[in-house]
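Chains, contacts and geometry: an overview
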Protein chains: 2
Amino acid sequence: MGAAEELAAFDALAAKRIDDDANYQWRIARRPVGNVRPEDFEFGVTEIPEPREGEVLLKTHYLGLAPVMRFYMQATARTGDVSLGIGDVIHGRGVAQIVKSRHPDWREGEIVQGQMGWQTYKVSKMTAQEKFFRMPNNGLDAALGAGVLGMTGLSAHAGLFACGSPKEGDRMVLSGAAGGVGSMVSQMAANVVGCDVVGIAGGPEKCAFIREHGCRASIDYKADDIEAMLDQLRPEGIDLYFDNVGGETLEACLERLRMHARIVLCGSISEYTREEPFKLSNYTRLRATDSVMRGFFVYNHLSDWDRVMGEMSGWIADGKLKPVQDIEQGFGAMPRALANLYYGRNVGVQCCSVRGEPEEWV
Amino acid sequence: MGAAEELAAFDALAAKRIDDDANYQWRIARRPVGNVRPEDFEFGVTEIPEPREGEVLLKTHYLGLAPVMRFYMQATARTGDVSLGIGDVIHGRGVAQIVKSRHPDWREGEIVQGQMGWQTYKVSKMTAQEKFFRMPNNGLDAALGAGVLGMTGLSAHAGLFACGSPKEGDRMVLSGAAGGVGSMVSQMAANVVGCDVVGIAGGPEKCAFIREHGCRASIDYKADDIEAMLDQLRPEGIDLYFDNVGGETLEACLERLRMHARIVLCGSISEYTREEPFKLSNYTRLRATDSVMRGFFVYNHLSDWDRVMGEMSGWIADGKLKPVQDIEQGFGAMPRALANLYYGRNVGVQCCSVRGEPEEWV
């Protein structure tokens, strides 16, 4: 099946309609091989569950999408708490409203974000494992909890600040700059820290977008010779490389490190659908340049949640961080929304409005 | 030429004799290709130079050997201040005595260590670039300045403490454990920090040696299956991998990282003589485990010199750090001493006594 036919098949799934009389779900029909395909997803419906003592009923409004979800579907995610079988509801975090509560700590009407799964209702004991947080009542759109002020935002913040140790004037390179994490990293690096950011993205529209969102210059990986452009735009080398793609781009940046440089390994989307892992030939450049390559796992930074969300909300209010979410309309579009990440179709944080915007809160 | 013939040719060079009436030198005859060969070295003799105002005359007693010297000979070392041509004296640090001084800050009779080059005398302005340090008068053998209390020791200390952030109880793996840096790292990690160290070395003698110098268990890379032994000796994985060899061993350790692990890239001797660089297939394990891979360059840690040498001298006095230097006797043996590193023949820090021990100080 070619890309156009595949997208048409995703569009057909997106036409599925839901109502509020049942709980609709997307489940794993098949383990993805390579990119996700329409046949990997099964649409299901169950009764809306009833909360027992100590539980709440949550109604999903927005769901966030992240590349890791393909790993959940493959049962290869190494998060320690996820192992899904065929027929299971796909994992995913989202923004929901408590529509019934029999839990002493959570009230009806509260808007929260947490592990909802790809479904329109959920009964929950609100355990620590589901990592629910109340959405702050700070005038910002609750939809942001599905991305910019959610796990994507925490990834961007922890990757840049806790792992990248950015400094004013750092000669920075950022791949995946138009993506969810990338579009936040570029703005925080440029507007909060004062880094000089060269961003890499695919196509002229995305390049124009990233130049308006923190990047001083852009490289179009679909059209440009990345190495030649790095030589031109970063003639003095790289202090900080924030890596969202892995592979040859990582190798090209390793080759151009300045002394005491930092590489943050945030994602490797170029590698997720490779048959064989990419082999890095020049990791010893870390030695020659006294540099650090650091991987990170966002769930280890949850204890910083309140501080990070407070900082980022402030930067949004100040105009330093423009929140950019790419919102699919309707629960049926969830499979396509995930596929968008691999087709490179999203700009900003990919998420989905379950009933189509405007979402109606109780 | 086979290894036995090559060693015989190095032995023939080692028979060269020197006296105190001239300045003898080892120079670059040819750029090494692969391992160093006897024909890469040229033995030369010049007059002993006369110091002018602001200079001292230094007499070399001990010279240290390090793998980086092959890069000096290839003019590919990236230290920023070294680029040697054919016919130039090979770079190397050593312990020397000031036999004449016309410099206001340095007195005749003082014992120092610094950049001597492979020669028996040197006139110096004692510039910062040569990085001369006075040997402390603390009762320890001045020969230690050519290794254990020299740049090798600083590498071991900076690599372990400043880069590796070792913690008591860390499940550690150390490659090149019988080498100069390795034999110091193992002892400091085990006896100062309280790490549990599994060492990797070549052959039963070296394995016995490392078990007496800080390693709780040993892996013989010449006889054992490294991956199977790591599974057996490190079933819970690795908190800290101190890498002196690179290549497949690094890959095997990356595969077994625990969460928040640290890899220190100190050396990659397995790669120095490879035709093609080793390609690392599993660097993304850093992401899955929230881990750090850090390279370091010892000259960036020079500002810690006094503190580090003081600490290490104290540990030697306490018996926590047994100094192990493998001393070739006689200036003629310098090429063989360098080759020893690549043949894996040295145990501890390789160095050379210029006139044969006991060296006579003025």
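Residues numbered from 1 in each chain as written. Chains lettered and ligands numbered in written order. Predicted model: local features only at pLDDT ≥ 70, side-chain atom pairs only at ≥ 80, totals over all residues. Heavy atoms only, no water.

**With respect to the overall build of chain A**
Regarding its fold elements, chain A presents 11 helices and 15 strands. The C-alpha radius of gyration of chain A comes to 20 Å, within 12% of the 21 Å expected for a compact globule of 362 residues. Seen along its three principal axes, the alpha-carbon backbone of chain A occupies a region of about 60 × 45 × 35 Å. When each of the 362 residues of chain A is scored for burial, the buried share is 60%. (Helix = DSSP H or I, 4+ residues; strand = E, 2+ residues; numbered from the N terminus. Rg over C-alpha atoms; globule rule 2.2 N^0.38 Å. Buried < 20%, exposed > 50% of the residue type's maximum accessible area, 1.4 Å probe, protein only.)

**Here we look at the sheet that holds strand S8 (residues 171–174) of chain A**
Strand order in this open sheet of 12 strands is S10(A)-S9(A)-S8(A)-S11(A)-S12(A)-S13(A)-S13(B)-S12(B)-S11(B)-S8(B)-S9(B)-S10(B), and the pairing throughout is mixed. Each edge of the open sheet is held by one strand with a lone partner, namely strand S10 (217–220) of chain A together with strand S10 (217–220) of chain B. If you compare each strand with its neighbour and ignore which way they point, the axes differ by 15° on average. As paired strands, S8 of chain A and strand S11 (residues 238–243) of chain A are joined by three bridges and run parallel to one another. By the bridge assignment, Met 172 of chain A is partnered in S11 of chain A with Leu 240 of chain A. Sitting on the sheet, helix H6 (residues 226–233) of chain B is in contact with strand S8 (171–174), strand S9 (196–201) and S10 of chain B, with an inclination near 165° to S10 of chain B. (Pairing = 2+ DSSP bridges. Axes fitted to C-alpha atoms, helices over the stretch in contact; angles between N-to-C directions. Contact = heavy atoms within 4.5 Å.)

**Considering the environment of Trp 106 of chain A**
Residues and elements named next belong to chain A. Of note, Trp 106 is situated in the loop between strand S4 (93–101) and strand S5 (111–115). Between the alpha carbons of Trp 106 and Leu 149 there is a distance of 20 Å; along the sequence they are 43 residues apart. With sequence-adjacent residues up to four places away left out, Trp 106 is seen in contact with Val 56, Ile 98, Ser 101, Val 112, Met 126, Phe 132 and Arg 134.

**Comments concerning the nonpolar core**
Leu 250, Leu 280 and Met 293 of chain A together with Leu 250, Leu 280 and Met 293 of chain B are the most contacted members of the largest nonpolar core, which has 50 residues in total. Ignoring sequence-local partners within four residues, the contact set of Leu 280 of chain B consists of Phe 278, Lys 279, Leu 280 and Tyr 283 of chain A together with Leu 250, Glu 251, Leu 254 and Met 293 of chain B. (Core = buried A, V, L, I, M, F, W, Y, C linked by side-chain atoms within 4.5 Å.)

**Some thoughts on the relation of the copies chain A and chain B**
Superposing chain A onto chain B takes a rotation of 180° plus a shift of 0.0 Å along the axis, which leaves an RMSD of 0.0 Å. Between the two chains, the operation in question is that of a two-fold axis. Mapped onto chain B, 97% of the interface residues of chain A again fall at the interface, so both copies present the same surface. (Least-squares fit on C-alpha atoms with pLDDT ≥ 70 in both.)

**A word on helix H10 (residues 305–318) of chain B**
Residue and element names in this part refer to chain B. Helix length check: H10 (14 residues) gives 20 Å between terminal C-alpha atoms against 20 Å at 1.5 Å per residue, within 8%. Restricting attention to buried positions, one finds in H10 the residues Trp 305, Val 308, Met 309, Met 312, Ser 313, Trp 315 and Ile 316. Taken end-on, H10 shows its buried residues confined to a sector of 160°, consistent with a single buried face. With respect to the buried face of H10, the exposed residues turned more than 90 degrees away are Asp 306, Ala 317 and Asp 318. Structurally, H10 contributes buried residues whose contacts are with strand S4 (93–101), strand S5 (111–115), strand S7 (133–134), helix H3 (151–163) and helix H4 (180–193). (Expected span 1.5 Å × (residues − 1). Arc of directions from axis to C-beta.)

**Some thoughts on the interface of chain A and chain B**
With 33 residues of chain A in contact, the opposing surface of chain B contributes 32 residues. Summed over both sides, the interface of chain A with chain B buries roughly 2700 Å², with 50% coming from carbon and sulfur. There are zero salt bridges connecting chain A and chain B. Linking chain A with chain B are 10 residue pairs in polar contact (both at pLDDT 80 or more). Contributing elements (two or more residues each) for the side of chain A that touches chain B: helix H7 (247–254), strand S12 (257–265), helix H8 (269–272), helix H9 (285–288) and strand S13 (292–295) of chain A. Class assignment of the residues belonging to the side of chain A that touches chain B gives a composition of 15 nonpolar, 11 polar and seven charged. The sheet contact formed by S13 of chain A and strand S13 (residues 292–295) of chain B spans three bridges and is antiparallel. Residue pairing across strands places Met 293 of chain A opposite Met 293 of chain B, the latter belonging to S13 of chain B. (Buried area = accessible area lost by both parts, 1.4 Å probe. Salt bridge = Lys/Arg side-chain N within 4 Å of Asp/Glu carboxyl O. Polar contact = N/O pair within 3.5 Å; in protein donor to acceptor, adjacent residues only side chain to side chain. Nonpolar A, V, L, I, M, F, W, Y, C, P; charged D, E, K, R; others polar.)

**A few points about the confidence of the model for chain A**
Mean pLDDT over chain A stands at 93; residues scoring 70 or higher make up 96%. The ipTM value of the predicted complex is 0.83, and its pTM value is 0.89. (pLDDT = per-residue confidence, 0-100.)

**Overview of the packing of helix H1 (residues 3–14) of chain A against helix H11 (residues 334–343) of chain A**
Residue and element names in this part refer to chain A. Direction vectors running N to C along H1 and H11 enclose 150°, while the axes themselves pass 9 Å from each other. By the angle between their directions, the pair H1 and H11 is classed as roughly antiparallel. When H1 is examined against H11, the residues Ala 3, Glu 6, Leu 7, Phe 10, Asp 11, Leu 13 and Ala 14 are found in contact with a partner set consisting of Pro 335, Arg 336, Ala 339 and Tyr 343. A class-by-class count of the residues in the contact of H1 with H11 yields eight nonpolar, no polar and three charged. (Parallel < 35°, antiparallel > 145°, perpendicular 65-115°, else oblique.)

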